[in-house]
Amino acid sequence: MNEVRLTFRGTGGSRIPLDADSLSPDQFRDRDQAEIEKLPLHHGNAAGVVGDFFTVRGGRSDQVAIEGDLALVKGIGTAMTGGVLRVEGNAGMHVGAQMSGGRIEVSGNADDWAGAEMTGGLLWIKGNAGNRAGGAYRGSRHGMRGGVVFVEGNAGHEVGGYMRRGLIVVKGDVQDFAGARMSSGTVLVFGSAGIRTGGGMKRGTIVVYRPPVILPTFKRTAVFTPLFLAVQLNALRRFGFPLADGFERPRPFLRYHGDLAELGRGEILVPA
Amino acid sequence: MELNGVPIEDTYAEAFPAVAARLLITAETPEWARTAAASFTGFATSVIGCGCEAAIEDGAPAGGTPDGRPGVHVLIFAMGKKGLADQVVRRVGQSVLTCATTACYDALEGGDAWIKVGGKLRFFGDGFQSSKRIEAALDPAGRARRLWRIPVMDGEFLVDHRFGVATAIAGGNFLILGASPESALAAAASAVVAMRRVPGIILPFPGGLVRSGSKVGSAYKFLKASTNTPYCPTIRGRVESALPEGTGAVYEIVIDGLTAPAIAAAMREGIRAACRPGVLKITAGNYGGRLGKHHFRLREILES
């Protein structure tokens, strides 16, 4: 299948973000080049079309590449259900938000709310992610409900906040409130985590390889070898996520359970 | 037809449709994995008497298992999905869950149906069990997998929520007629070694072979199957014997497999290995084609 390639021409020096929910393989699958160019966008309060900001090549494909610095382009791949979307550069806020299938790759950094409330599929960020990756929008009961978010760099605050299912893997560090109020799923951090990790969590697992300060509402239980983690890590390695050698082998972790201020059935695992 | 001077009777093995599951048991060491697998497959020689037929299929190197530990594949066969589910849940619960350091995964590719295993055993966790999902995005087949974590006294027992079930075949067989018990046993043992290299099959009887082959019916009203009188050397002369002059012992090798080609391949390897000095004939067991829909013709298998 041919690829649809979009090249971002910029917004004429404006710092106003471009709302681009229509940049999704679902929208391109059955449209030719001219039809894709007419898909609606919003720049501030001005309505526009894709052709105003992007040069489009190809059509009728769910294999999409978008090139350029898209740090101020919001909502790329929002609610996508399938296909492949490659962002060759940075991505703005809400990339992959509410996606349910397919795969998004961002070669640079992604801004806040990456993969927010997604229910399936894969969002692979080769650079850093902003705040609330895999999180919940204000007023929502749940954040991410399925799928996988890979961040090869660092991530901001509230990663996996209100998470309901799914897997978030951050190869670097995360900031405060990782996994706060999560009710299941897994947040896996190979670096360090900021304060109040897991605050208010009901269920679910947070793994942090550089042990954070544990909230007093978590109780230390025991050292054990979590085989489910070895299964997750082996699956990641087979998939091609760049894990350091040996990380996938079963090894002992110290388990804290909490948050006892809430249901208390969650866990934070740190290497023993 | 002869192979290495051993006559191959122009007959066929009659086998039956069955259902099967394939499990992978991993543990801290290959020895513990094999211990659990041996317990799981214990007393599982015949569907009639044991409710299922099961055996170790092969060892799995640590690099190829979901948790990166050494493991053992086992195959288990039953006549129906309900009976299979009952046997798998009982055996995983009593023989794998109980065994030090083990975990148990579904290892069947391309099953037709599912049976709930971890989904039933989880209640042993008394409310402290939890589950983990391996997301569909990480699975080559695009299928999410749910694993149950059941707290036990050495940590956690990890088991798949459900296991795949495949339509399979049970009861492939051939018989080795030897001039003496020693020559028949040596030939059968050689066949077993060769057959165990074939993937997708098991030999459910002790040591891979059976001395008490059976026929349908008996002299007693309450007994539906009895010793295979035409192949028992010690009553030759008292019954209509199928044994050539000079036969000292007969061993049967029964094969259950996930596919017909796998059973045929195993029979081919086994018969070739069994055709050695001291063997008088190779034949196979059937019921005139009335009971089983799978027929494995010995000569066709050897010529293919």
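Residues numbered from 1 in each chain as written. Chains lettered and ligands numbered in written order. Predicted model: local features only at pLDDT ≥ 70, side-chain atom pairs only at ≥ 80, totals over all residues.

**Overview of the overall build of chain A**
Stated precisely, the cut-off is as follows: Strands are runs of DSSP state E lasting at least 2 residues, helices are runs of H or I lasting at least 4, and numbering of each runs from the N terminus. Radius of gyration here is computed from C-alpha atoms only, and the compact-globule reference equals 2.2 Å multiplied by the residue count raised to the power 0.38. Partly exposed residues are those whose C-beta has more than 12 but fewer than 20 other C-beta atoms within 10 Å; with 20 or more the residue is buried, with 12 or fewer it is exposed, and the C-beta atoms are placed from the backbone.
A count of helical and extended segments in chain A gives 4 helices and 17 strands. Compactness check: chain A gives a C-alpha radius of gyration of 19 Å against a globular reference of 19 Å for 272 residues, within 12% of the reference. Once the C-alpha set of chain A is aligned to its principal axes, its extents read approximately 60 × 35 × 25 Å. Looking at the 272 residues of chain A, the share that counts as buried comes to 54%.

**Concerning the interface of chain B and chain A**
Selection rule: With C-beta atoms placed from the backbone, a contact is any residue pair whose C-beta atoms sit within 7 Å. We call Asp, Glu, Lys and Arg charged. Ala, Val, Leu, Ile, Met, Phe, Trp, Tyr, Cys and Pro are nonpolar, and the rest, Gly among them, are polar.
Taken together, the contact between chain B and chain A spans 17 residues of the former and 25 residues of the latter. Those elements that provide at least two residues to the side of chain B that touches chain A are β8 (130-134), β9 (145-152) and β10 (155-160) of chain B. In the side of chain B that touches chain A, the residues fall into 8 nonpolar, 2 polar and 7 charged.

**What about helix α1 (residues 30-40) of chain B?**
All of the buried residues in α1(B) are A33(B), T35(B), A36(B), A37(B) and F40(B). On its buried face, α1(B) sits against β3 (12-26), β4 (53-60), β5 (71-78) and α3 (81-96) of chain B.

**Digging into the sheet that holds strand β4 (residues 46-49) of chain A**
Residue and element names in this part refer to chain A. Note the following rule: DSSP-based pairing: two strands are paired if at least 2 bridges between them are found.
Here 4 strands make up an open sheet; going across it, the order is β4-β3-β2-β7 and the pairing mixed. Unpaired on one side and paired on the other, β4 and β7 (73-74) mark the two borders of the sheet. Pairing between strand β2 (residues 18-19) and strand β3 (residues 40-43): 2 bridges, direction antiparallel. Bridge pairing in β3 links D19 to H42.

**A short note on the environment of G96(A)**
All names here are of chain A. Relative to the helices and strands, G96 resides in the loop between β8 (84-88) and β9 (103-106). In sequence terms G96 and K74 are 22 residues apart; their C-alpha atoms lie 9.9 Å from each other. Ignoring anything within four residues of it in the chain, the contact list for G96 reads G77, I104, A114, G115, M118 and L123.

**Focus: the domain arrangement of chain B**
All names here are of chain B. Selection criterion: What marks off one domain from the next here is an automatic or database domain assignment.
When the domains of chain B are assigned, the result is domain 1 (2-14 + 170-303) and domain 2 (17-166). Computed over C-alpha atoms, the centres of domain 1 and domain 2 are 31 Å apart. Along the lines of polarity and charge, the residues of the side of domain 1 that touches domain 2 split into 9 nonpolar, no polar and 2 charged.

**Section: the nonpolar core**
Residue and element names in this part refer to chain B. Note the cut-off: A set of buried Ala, Val, Leu, Ile, Met, Phe, Trp, Tyr and Cys residues, joined to one another through C-beta atoms within 7 Å, is what we call a nonpolar core.
If you look at the biggest cluster of nonpolar residues, it comprises 178 residues, and the most contacted ones within it are I25, I76 and I176. Viewed by domain, this core spans two of them, domain 1 (2-14 + 170-303) and domain 2 (17-166), each represented by three or more residues. When residues no more than four places from it in sequence are discounted, the contact partners of I25 are A33, A36, A37, F40, G71, V72, V74, V96, T102 and C104.

**Concerning the environment of L138(B)**
With respect to the secondary-structure elements, L138(B) resides in the loop between β8 and β9. In this view, L138(B) contacts V148(A), A235(A), L236(A) and F239(A); residues no more than four positions away in its chain are not counted.

**Thoughts on unusual backbone geometry**
Cis rather than trans, the peptide bond between G258(A) and D259(A) has omega equal to -5 degrees. The phi angle at R196(A) is positive, at roughly 55 degrees, despite the residue not being glycine.

**With respect to the confidence of the model for chain B**
This is how the line gets drawn: Every residue carries a pLDDT, the predictor's confidence in it, which falls somewhere between 0 and 100.
Averaged over all residues, the pLDDT of chain B equals 95, while 100% of them reach at least 70. Predicted as a complex, the structure gets a pTM of 0.93 and an ipTM equal to 0.92.

**Some points on the pairing of strand β10 (residues 122-125) of chain A**
Residue and element names in this part refer to chain A. The alternating pattern of β10 places L122 and W124 on one face and L123 and I125 on the opposite face, and all of these are buried. Looking at chain direction, β9 and β10 are connected through 4 bridges and run parallel. For E105, the partnering residue across the bridge sits in β10 and is W124. Where β10 lies against strand β11 (residues 145-151), 4 bridges are found, and the strand directions are parallel. Among the inter-strand pairings, W124 is bridged to a residue of β11, identified as F150.

**Observations concerning the pairing of β3(A)**
Residues and elements named next belong to chain A. One ladder, built from 4 bridges, connects β3 with β4; its direction is antiparallel. Looking across to β4, one finds that H42 is bridged to A47. Here β3 folds back onto β4, and the loop between the two strands holds 2 residues, one of which, G44, carries a positive phi near 65 degrees.

**Topic: the packing of α1(B) against α3(B)**
Residue and element names in this part refer to chain B. Here is the rule: Every axis corresponds to a line fitted to the C-alpha atoms, with the helix fit spanning only the stretch in contact, and the corresponding angles, defined between N-to-C directions, vary from 0 to 180 degrees. In this scheme, roughly parallel covers angles under 35 degrees and roughly antiparallel covers those over 145, while 65 to 115 is roughly perpendicular and the rest are oblique. The sense of a crossing depends on the near helix, which, turned anticlockwise from the far helix by less than a right angle, makes the crossing left-handed and, turned clockwise, makes it right-handed.
Across the interface, α1 lies against α3 with an axial gap of 9 Å and an inter-helix angle of 135 degrees. Classified by the angle their axes make, α1 and α3 are oblique. The two elements α1 and α3 cross, and the hand of that crossing is right-handed. Residues A36, S39 and F40 of α1 touch α3, and the partners they reach there are R91, S95 and V96. Here the contact of α1 with α3 is composed, by residue class, of 3 nonpolar, 2 polar and 1 charged.

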